[in-house]
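# Examining the three-dimensional arrangement
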Amino acid sequence: MQSNISNNSNFIRLTNLPILFDSLDIERLPAATQAKIARIDACLPQTQCGLCDHADGCLPYAVAIVIDSEPYNKCVPGGQPVTDAIAQIINQDSSDTQPLNAEPSKWPIDASSQRPVEVRAVIREDDCIGCTKCIPACPVDAIVGTGKHMHTIFTDLCTGCELCIAPCPVDCIDLVTIERTLSTAERTLEQEDLRQRYHTHLRRVSKQLADSSNSKPVVSMVEAKLNNAASQSLNISEEQAKNTIAAAKLRSKIKKLEKQLSVRPNESKQLELEELQAKLAQL
Ligand code: SF4
Ligand code: SF4
Ligand code: SF4
């Protein structure tokens with residue numbers, strides 16, 4: 001009975017996928033390979049953050065582990081529990097697979113879950129210029145707002161993937177840590193829900209892209225829920241907005257360079273960093 005349920009959920013997991021995943025050609029793979037991909041995908045947190053080097057999210061990473069023998073320890077938010085769970089699936093066929101340590105996270109490890117501490121994004125609404133750039137970045141449609149109006153994030157829907165941070169030109173999205181304890185069943189259900197929300201997001205974006213008569217930018221499907229909340233126009237002068245955006249862009253570049261340099265020193269990048277810091281000081 002148990003295996004029927006599991007096979008059925010594996011079947012559902014890999015059928016009727018959004019077109020983004022067509023290139024993975026999953027349907028052509030042998031059933032046993034598909035089952036393994038589905039089981040690994042079921043272990044992954046489904047935040048679709050891309051920290052495993054798969055910008056399209058968890059499923060492409062699961063495929064790469066099985067098909068390309070990619071290291072199975074790259075899911076940063078999953079931490080050691082997810083790495084160990086994937087190792088168990090892989091080790092069923094091969095006894096000589098070495099246990100791997102999970103890729104480290106910039107967030108500390110939560111003592112109860114043994115995963116990196118979870119975060120949620122919060123928009124400083126007073127600073128938001130309503131540019132809408134964060135909306136298409138969110139894989140689970142957790143951000144709502146319309147052009148030139150303040151935006152906000154439904155914290156309950158946010159996974160803390162951090163993908164909205166970089167596109168924000170005024171750096172007004174903060175990350176706050178949260179504490180919670182989830183049972184295995186709760187985590188499984190939540191991951192399934194996140195996966196469905198991501199797929200819904202992908203289908204909606206595909207539809208909008210295919211519709212040449214639709215010139216609107218990509219907006220959140222839950223935007224309607226905040227129709228009334230996003231009602232306060234922001235009055236800032238053009239000059240002020242220009243400077244704020246220029247400073248935010250510089251800060252974003254500086255952050256990226258600092259991150260790169262913390263991993264590997266590089267003379268020309270160091271020089272570039274110093275130039276950008278000097279420019280920012282002048283603004
Ligand atoms: S949650 Fe893990 S597997 Fe999914 S995209 Fe992020 S790093 Fe990759
Ligand atoms: S609001 Fe930001 S951090 Fe939260 S899920 Fe969306 S993109 Fe990720
Ligand atoms: S990207 Fe930043 S400024 Fe633009 S709407 Fe989102 S939160 Fe507001």
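Rules used in this analysis
Residues numbered from 1 in each chain as written. Chains lettered and ligands numbered in written order. Predicted model: local features only at pLDDT ≥ 70, side-chain atom pairs only at ≥ 80, totals over all residues. Helix = DSSP H or I, 4+ residues; strand = E, 2+ residues; numbered from the N terminus. Buried ≥ 20, exposed ≤ 12 C-beta atoms within 10 Å, placed from the backbone. pLDDT = per-residue confidence, 0-100. Contact = placed C-beta atoms within 7 Å. Core = buried A, V, L, I, M, F, W, Y, C linked by C-beta atoms within 7 Å. Near = placed C-beta within 6 Å. Nonpolar A, V, L, I, M, F, W, Y, C, P; charged D, E, K, R; others polar. Axes fitted to C-alpha atoms, helices over the stretch in contact; angles between N-to-C directions. Parallel < 35°, antiparallel > 145°, perpendicular 65-115°, else oblique. Left-handed = near helix turned anticlockwise from the far one by under 90°.

## A short note on the overall build of the chain
The number of helices and strands found in the chain is seven helices and four strands. Order of helices (α) and strands (β) in the chain, N terminus to C terminus: α-α-α-α-β-β-β-β-α-α-α. Out of the 283 residues in the chain, the part that is buried amounts to 28%.

## A closer look at the confidence of the model for the chain
With 78% of its residues at a pLDDT of 70 or more, the chain has an overall mean of 82. Mean pLDDT across the secondary structure elements of the chain bottoms out at helix 1 (residues 2–13), with 53, and peaks at helix 3 (residues 58–67), with 96. Low pLDDT, under 50, characterises residues 215–236; the stretch is placed with 38 contacts to residues that sit more than four places away or in other chains.

## Quick word on the nonpolar core
The biggest cluster of nonpolar side chains holds 22 residues, and the ones touching the most others in it are Ile-37, Ile-40, Leu-44, Tyr-61, Ala-62, Val-63 and Ile-65. Residue assignment for this core shows that the elements contributing at least two residues are helix 2 (31–43), helix 3 and helix 4 (79–91). For this core, the element with the highest residue contribution is helix 3, accounting for eight residues. Not counting residues up to four positions away in its chain, the partners in contact with Ile-37 are Leu-14, Ile-26, Ala-62, Val-63 and Val-66. Ala-142, Leu-163, Cys-164 and Leu-194 belong to the second-largest nonpolar core, a separate cluster that totals 21 residues.

## Focus on the site of ligand 1
Lining the immediate surroundings of ligand 1 are 16 residues, of which Cys-49, Leu-51, Cys-52, Cys-58 and Cys-75 lie closest. When grouped by side-chain class, the residues that make up the shell around ligand 1 number 10 nonpolar, six polar and no charged.

## Examining the environment of Val-176
For Val-176, the position within the fold is in strand 4 (residues 173–178). Each C-alpha atom of the pair Val-176 and Ala-121 lies 6.4 Å from the other, and the pair is 55 residues apart in sequence. Other than its neighbours up to four places away in sequence, Val-176 contacts Val-119, Arg-120 and Val-122.

## Re helix 3
Residues three or four positions apart in an α-helix share a direction because the helix packs 3.6 residues into each turn. Among the 10 residues that make up helix 3, nine are buried, leaving the element largely enclosed by the rest of the structure. Those residues of helix 3 that sit buried are Cys-58, Leu-59, Pro-60, Tyr-61, Ala-62, Val-63, Ala-64, Ile-65 and Val-66. Next to the buried residues of helix 3 lie helix 2 and helix 4.

## Considering the packing of helix 2 against helix 3
The geometry of helix 2 relative to helix 3 is characterised by a closest axis approach of 9 Å and an angle of 130 degrees between their N-to-C directions. The orientation of helix 2 relative to helix 3 falls into the category oblique. You can see that helix 2 and helix 3 cross each other, and the crossing is right-handed. When helix 2 is examined against helix 3, the residues Thr-33, Lys-36, Ile-37, Ile-40 and Asp-41 are found in contact with a partner set consisting of Cys-58, Leu-59, Ala-62, Val-63, Ile-65 and Val-66. Class assignment of the residues belonging to the contact of helix 2 with helix 3 gives a composition of eight nonpolar, one polar and two charged.

## Quick look at the packing of helix 2 against helix 4
In the contact formed by helix 2 and helix 4, the axes pass within 9 Å of each other and the chain directions differ by 165 degrees. If you check the angle between helix 2 and helix 4, you find them roughly antiparallel. Considering only the axes of helix 2 and helix 4, their crossing is right-handed. Along the contact surface, helix 2 presents Lys-36, Arg-39, Ile-40 and Cys-43, while helix 4 presents Val-82, Ala-85, Ile-86 and Ile-89.

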